[in-house]
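Breakdown of the fold
What follows is the residue order along each chain.
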Amino acid sequence: MAEPNDIRSVLATDCGSTTTKAILIEKVGDEYRLVVRGEAPTTVEAPFEDVTRGVLNAIMEVEELAGRRLLDGERIITPQNGTDGVDVYLSTSSAGGGLQMMVSGVVKTMTGESAERAALGAGAIVMDIIASNDGRLPHEKIRCIRELRPDMILLSGGIDGGTTTHVAELAELIAAADPKARLGAGYELPVIYAGNKDARGIVEERLGSKTALVVTDNIRPVLERENLMPARLKIHDLFMEHVMAHAPGYKKLMAWTSLPIMPTPAAVGSIIQRVAERDRINVIGVDIGGATTDIFSVFDEVFNRTVSANLGMSYSVSNVLAEAGLDNIMRWVPFDMEEADLRNRIKNKMIRPTTIPQNLEELQVEQAIAREALRLAFEQHKSLAVGLKGVQQERTISDTFDQAASGETLIDLGRLHLLVGSGGVLSHAPRRAQAAAMLVDAFLPEGLTHLAVDSIFMMPQLGVLASKYEKAATDVFEKDCLIHLGTAIAPVGAAKEGAPAVKVALETPKGRVAREVPFGAMAVIPLAVGETARAVIEPAKSLDMGDGKGKSIEATVKGGVVGVVVDARGRPFALPGDAAKRIAKLNDWKEALGLYPR
Amino acid sequence: MAHAYTPGLRVTALARIERARRLPLKGTVLVEKGKMLRAEDVVARTQLPGNVQTVKAASLLGIHQEDLREYMLKKEGDAVAKDEVIATSKSFFGLFKSECRSPIAGTVEGVSTVTGQVILREPPIPVEVNAYVDGRVADVLPGEGVVMVTAGAFIQGIFGIGGETSGVLHAIVDGPDEAVGASHIKGDLAGKVLIGGSYVTHEVLRRAVEAGARAIVVGGFSDSDLKAFLGYDLGVAITGQEEKGITLVVTEGFGKMRMAEKTFRLLRDRVGARASVNGATQIRAGVMRPEIIVPDPAIAPESVAAGAEEFAQGLRVGSPVRAIRDPWFGRIGVVTDLPPELRPLETEASVRVLTVRFDGDAEVTMPRANVEMIEE
């Protein structure tokens, strides 16, 4: 394989559940740049049942657009030979529903939650958490394990040297369920044991002959510390060895790639962690897809990922309605609409998930639903991205069972530096201001926050690339992947509607600009991509920009395709209850941000 | 970018249809290859292992878990009756006796001296698989089931609820744009597959259930009616397990929708024939649509090509398509152009488009994503 700095070109694919996306990266002078992208339907399902068909189709589109030969028949030409072929080929995958796992731990809010974080961080969808204290009867747990048919189970429980009984009980439940894997009838279900090291023998005795058992370090060796990495790495290994190897066509694909195939969300998590680490910032990344919404966060170097398995814009759009409720979706629609009409539109999108809005009304409805899907997914993220529960308190072990409330969320919007959105509804919004508005309305950032979107969702491919070719990945991430939208300025607190809320003065390259924005309004101050400005922000006496109520702050703000978005709607945010007033407000904000054509 | 790939729903007068009929676990296949069967004939049978229950025997008896085996009256593999004593302990010179009883009838699966639990398994649950369609056994999958083959009309719907069923086709409306009202639910409908028109409400659907109808096919259904009929808001489109007394197949979409002329004609021309219907829908990777199969016993399946070649070739000028999103939802037309370049929509999004001529109308331009191919 080529050395990191020598590579001239990279071809990367991401096999999603519906679309396989290919990108071609080439070295131009000293830097790496995206050349073209292509896509084709994923072919994991019948009638093709071979993922490589879709991969080849996507690569053929890249060949056509780049005017370069990359394939020799059905073989990717590597290394690059003249203008033919590429030096590196790599891929990520979430096809066939991604990696679906069950996790188990002794106490649901302690080792159970640690196991969940380990699995999510490795890019899995967690189907269920089985815990000794989850309130279900043993036979109910067994039925659950049997019916859900996960790709893999992560069994944890107990701190090293602690109780072995509960772990043995969990192992007995799994053994009694005798679970079968989802893909490939003829192989044993992989089970990772990452719990109390004293119980390894007991677990091996119970599960060694019934499952493909792998033992690794405890994810919670002591109450005060999580050690998720060894379990995550094992999940990746088993994902390749067992799950991928049994998915249609993946054996062939695995032989083609220069680096191991990564689950798509794990790759996205990896690139977000690198950015946070490199720039020493707190980052939230969101990927809203057709079936799921993934949220990644890095706060004070702690990485968390959650996946909301049934919040998405197509396959699970109807579930957004079921979970958010009709009123919450309707509150973002800036015109009157019958309930029955909205319901039928949402269901029609669910049954024909690949359709797109053709007129403005449909677009606004779709973006209203997106706001709620994002908001709900973020709520779930905040509740899982928490400090370790059950620590720093002197209690007996029996007391720690009741410490559910001790872990506080790590997400502090006031200290968030960068919010990155990706996924069709954000990345392909016809106007970038629409993406900015959806992000601001759903996440309600506080203080100063830089906003960006992933232009064509290439974070997964860049995540894998970064594992060996960091420069190539970073170059493309900066230059071609991120589209900087601008900076949001949002004071916290409330004031009287229409009263002066915040004064913003920017020293821009083109001169000084000052705006005063009343409470309840929004405004945009142009500041182009690549430009920065020194800002003096003076909130009204009841509002806080981070330094205390009424205290001015000075900061450098970055521009973007939208500019500086001043959100003087206050936090907590509320929309008027009266329909006519609410619609008037939505229309005011629409105008202020230039969201839609008139 | 030679052509667009827009899978559509199959609606065809004649297709060869194969359906694998598999048991959830290995079992016994009851029929031989080549045998002609009716939909309700059982083809394979097995027994699913019973549910597992655990009993915390050691703590009930007040003994150490390591000693549990000494107190067991039953060992692994033994049969037990409900409330039968499976372990007992005596203490204080035999004055106090503790007993552990089985909460179920079944067998002892395991005794754990680590957790002090006894694991009990309920008796096996018998499971049968039927032929689902009238046809011939094309192949036997040893220990698993069979592949049935038949030839006849095949109609895929867009959404359905309720599982597999079969019955005689019976038309209750006169045309594809006629909504099914309470007055249409009359006469002997027991065991019938009803051909509706554009729409049915949940109240009328309930009447059809009361009348004993097995299934109903309609053009459109409203989400509010779906919620009222199911009793909950359907979040994710995975259906087929509902037990509401009827299988519903929606051919066009949500709302009042005239059933496609061709679909209606195909069904009405076969009134009196036996049909197999499945409402199971899964809209995610591995999409599954509801279906209506009307076997024609006069046609040998081998004489019919496998079908779906048209779809495999993708959209072309002249392809018949149906609009599947507003503002032309449900209209049927013919592709007149497939411009390769991206074109802007009213939303300002630039997408790949096509032009379509709807029946008797001028051409319109719309996103390729918003049409689906239909078979002529």
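Here, residues in each chain are numbered from 1, in the same order as that chain's written sequence. Chain letters and ligand numbers both follow the written order, the letters beginning at A and the numbers at 1. Local features in this predicted model are restricted to residues whose pLDDT is 70 or higher, and side-chain atom pairs enter the listing and the counts only when it is 80 or higher, whereas totals over whole chains, interfaces and linings include all residues.

What follows is about the overall build of chain A. In terms of helices and strands, chain A carries 17 helices and 24 strands. We take the radius of gyration over the C-alpha atoms and set the globule estimate at 2.2 Å times the residue count to the 0.38 power. Against the globule reference of 25 Å for 598 residues, chain A gives a C-alpha radius of gyration of 25 Å, in line with a compact fold. Counting only C-alpha atoms, chain A reaches 70 × 70 × 50 Å along its principal axes. Burial in this document is a count-based property: other C-beta atoms within 10 Å of a residue's C-beta are tallied, and the residue is buried at 20 or more, exposed at 12 or fewer, or partly exposed in between, with C-beta positions derived from the backbone. Taken over 598 residues, chain A has a buried fraction of 57%. Runs of E in the DSSP output that reach at least two residues are strands. Runs of H or I that reach at least four are helices, and both are numbered from the N terminus.

Taken together, the contact between chain B and chain A spans 43 residues of the former and 49 residues of the latter. Mapped onto the side of chain B that touches chain A, the elements with two or more residues apiece are β5 (52-55), α4 (223-230), β18 (247-254) and β25 (363-367) of chain B. For the side of chain B that touches chain A, the element with the most residues is β5(B), which contributes 3 residues. By the criterion used throughout, residues are in contact when their C-beta atoms, derived from the backbone, lie within 7 Å.

Residue and element names in this part refer to chain A. Residue ranges assigned to each domain were obtained from an automatic or database domain assignment. On domain assignment, one finds that chain A holds domain 1 (9-95), domain 2 (98-253) and domain 3 (283-593). Taken residue by residue, the interface counts 15 residues in domain 1 and 15 residues in domain 3. Listing elements by their share of the side of domain 1 that touches domain 3, those giving two or more residues are β1 (9-15), β2 (19-28), β3 (31-41) and β6 (88-93). Counting residues per element, the side of domain 1 that touches domain 3 draws most heavily on β3, which supplies 5 residues.

The next thing to look at is the environment of A:Ala505. All names here are of chain A. Tracing the chain through its elements places Ala505 in strand β19 (residues 500-508). Owing to 18 C-beta atoms within 10 Å, Ala505 belongs among the partly exposed residues under this scheme. Note: C-alpha distance between Ala505 and Arg68 (437 residues apart in sequence) is 50 Å. What Ala505 contacts, discounting residues up to four positions off in sequence, is Arg512, Ala514, Ala535 and Val536.

Here we come to the environment of B:Pro340. Relative to the helices and strands, B:Pro340 is located in the loop between β22 (332-337) and β23 (342-344). In sequence terms B:Pro340 and B:Pro123 are 217 residues apart; their C-alpha atoms lie 63 Å from each other.

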